[in-house]
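# Geometric and topological summary
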Amino acid sequence: MDLEEVYRRDLNLLVALKVLIEEGSVSRSATRLNLSQSAMSRVLGRLRTLLNDPLFIRQGQHLQPTQRAIEISNAVNEPLESLRSLLSPTSFDPKQCQQHFAIATTDYAMQTILPYALPRIYEEAPNISLEFPPLQQGQMLEQLTAEGCDMAICRPTHSIEPLVHEKLGLVSVFCMLSRSHPLADKELTLADYLAYPHALIAISDGVKALIDTALSGHQQPQTVLRAYHLEAALAIVDKMPLIITVPADLAYLVAEKHNLIVKPLPFEFKPFEYSLIWHPRCEHSAAQIWLRNLLKEQCGRLIDKRVQDMGLV
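Residues numbered from 1 in each chain as written. Predicted model: local features only at pLDDT ≥ 70, side-chain atom pairs only at ≥ 80, totals over all residues. Heavy atoms only, no water.

Looking now at the overall build of the chain. Across its full length, the chain holds 13 helices and 12 strands. Over its C-alpha trace the chain gives a radius of gyration of 31 Å, far above what one expects of a compact globule, namely 20 Å for 313 residues. Projected onto the principal axes, the alpha-carbon positions of the chain cover approximately 105 × 35 × 30 Å. Here the chain, with 313 residues, has 45% of them falling under the buried criterion. (Helix = DSSP H or I, 4+ residues; strand = E, 2+ residues; numbered from the N terminus. Rg over C-alpha atoms; globule rule 2.2 N^0.38 Å. Buried < 20%, exposed > 50% of the residue type's maximum accessible area, 1.4 Å probe, protein only.)

Written out as structure tokens, the structure is:
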């Protein structure tokens, strides 16, 4: 039978069949389904027509199901139970969740804020799996629909309608120098910043555009390296007087470990908002709501703490 033909059938009748078998009585079945006895008798008649079988044989005051009725009842047990579970309101238990989540994210978020949230995520939901595909700003809508990503963490660079977003916190940009750099013990001036070679690490196109705008009217610094991860800059930081421009949070995390000096940008740069973004299709999923709330709580708390520690506002 085609799916369209199934659609034309009254599948509620299968629920009535289950009740009739369980009760063994038209009158008791009518009471359970909140029908009159005559209406329940009509339901039984429709069932017999639909399934081309008498379905029940009367034995005294009791209805005895036919073999065909028993076979059909057994066959629909599992799908009906699945429907009942699906339609019943239940509380979400992350410990029982085995879902796979894909979060499109920037290198900055992957290196700085997501690791802070991961222990809590797996503590609450040890059976889930996570994937972090690289964020593609220009294709974010497609990533969150056709490509199946559940959410994104980034700084939106354009209108993101019809996507939904919520602010995680403010992010800024700092510089790092090796301790052997000529400016290590000096205040970093704009002239110095423009005169020395640069590395951009985990700086997205959108953030680079903000830096370029802030430097509008000045010569652009010489960028000799642009990479996702700090290791590339560390390989040459003692070979040339490199100014490493990084998200402030990354500087906060790695400077002491790698014996680097952190300096603020020598020009006005307004911290920008980082956001958690998702498609309306995920709005009411219990699993999605749990993960979004946890990310907002953990990542937002971390960003707020670093904003205060680094004096960004």
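From this point, the discussion proceeds with the structure in view.
On the basis of which strands lie adjacent, the open sheet formed by 5 strands has the order β4-β3-β5-β12-β6 and mixed pairing. Pairing within the sheet leaves two strands with one partner each, and these edge strands are β4 (129-131) and β6 (164-171). The mean angle between the axes of side-by-side strands here comes to 20°, regardless of whether they run parallel or antiparallel. With 7 bridges connecting them, β6 and strand β12 (residues 272-278) associate as antiparallel partners. Paired with G169 across the strands is Y274, a residue of β12. Docked against the sheet, helix α7 (residues 114-124) engages β3 (100-105), β4 and β5 (151-154), running at close to 160° with respect to β4. (Pairing = 2+ DSSP bridges. Axes fitted to C-alpha atoms, helices over the stretch in contact; angles between N-to-C directions. Contact = heavy atoms within 4.5 Å.)

Quick look at the environment of S82 now. Looking at the element boundaries, S82 is found in helix α5 (residues 67-87). With 221 residues separating them along the chain, S82 and I303 place their C-alpha atoms 42 Å apart.

A separate point is the sheet that holds strand β10 (residues 243-247). Reading across from one edge, β9-β8-β10-β7-β11 is the order of the 5 strands in this open sheet, with mixed pairing throughout. For this open sheet the edge positions go to β9 (223-227) and β11 (260-264), each flanked by a neighbour on one side alone. Mean inter-strand twist for the sheet, computed between neighbouring axes without regard to direction, equals 25°. Bridging between strand β8 (residues 198-201) and β10 involves 3 bridges; their strand directions are parallel. When the sheet's bridge partners are listed, H198 is paired in β10 with I243.

Evaluation of the coordinates by the stated rule reveals 5 aromatic pairs. The interplanar angle of 85° and the centroid separation of 6.3 Å between the aromatic rings of F269 and F272 together place this pair among those described as edge-to-face. The exposure class of F269 is buried, given its relative accessible area of 12%. One aromatic cluster is present, formed by Y108, F269, F272 and Y274 through successive ring pairs. In this structure, R155 packs its charged tip against the face of F272, placed 5.8 Å from the ring centre. (Phe/Tyr/Trp six-rings, centres within 6.5 Å; stacked < 30°, edge-to-face > 60°. Lys NZ or Arg CZ within 6 Å of the ring centre and 35° of its normal.)

What follows deals with the side chain of K296. Along the chain, the position of K296 falls in helix α13 (residues 286-310). At a separation of 3.0 Å, a polar atom in the side chain of K296 contacts the side chain of E166. Not counting residues within four places of it along the chain, the set of residues in contact with K296 comprises E166, L168, L276 and R301. (Polar contact = N/O pair within 3.5 Å; in protein donor to acceptor, adjacent residues only side chain to side chain.)

The contact between helix α2 (residues 12-23) and helix α4 (residues 37-51) brings their axes to 10 Å, and the two run at 110°. The pairing of α2 with α4 is recorded here as roughly perpendicular in orientation. The interaxial crossing formed by α2 with α4 has left-handed handedness. Contact with α2, carried on its side by L13, L14, A16, L17 and L20, involves M40, V43, L44, R46, L47, L50 and L51 of α4 and no other residues of that element. Of the residues contributing to the contact of α2 with α4, the split by class is 11 nonpolar, no polar and 1 charged. (Parallel < 35°, antiparallel > 145°, perpendicular 65-115°, else oblique. Left-handed = near helix turned anticlockwise from the far one by under 90°. Nonpolar A, V, L, I, M, F, W, Y, C, P; charged D, E, K, R; others polar.)

Here the focus is unusual backbone geometry. For the bond running from E161 to P162, omega is 10°, close enough to zero to count as cis. For P162, the location among the structural elements is in the loop between β5 and β6. Positioned with a positive phi, N34 is a non-glycine residue whose angle comes to about 60°. Given a relative accessible area of 71%, N34 falls into the exposed group. The backbone of L55 sits at a positive phi, close to 70°, despite the residue not being glycine. Considering the arrangement of structural elements, one finds L55 in the loop between α4 and β1 (56-59).

For the rest of this paragraph, the subject is a nonpolar patch on the surface. A cluster of nonpolar residues, L83, L86 and L87, forms a patch on the protein surface that exposes about 360 Å² of accessible area. In this fold, L83 is placed in helix α5. Of the residues examined, L83 reaches a relative accessible area of 44% and is grouped as partly exposed. (Patch = residues over 30% accessible without salt bridge, like charges linked within 9 Å, V, L, I, M, F, W, Y side chains within 5 Å. Areas by Shrake-Rupley, 256 points an atom, 1.4 Å probe, with all protein chains shown as cover. Salt bridge = Lys/Arg side-chain N within 4 Å of Asp/Glu carboxyl O.)

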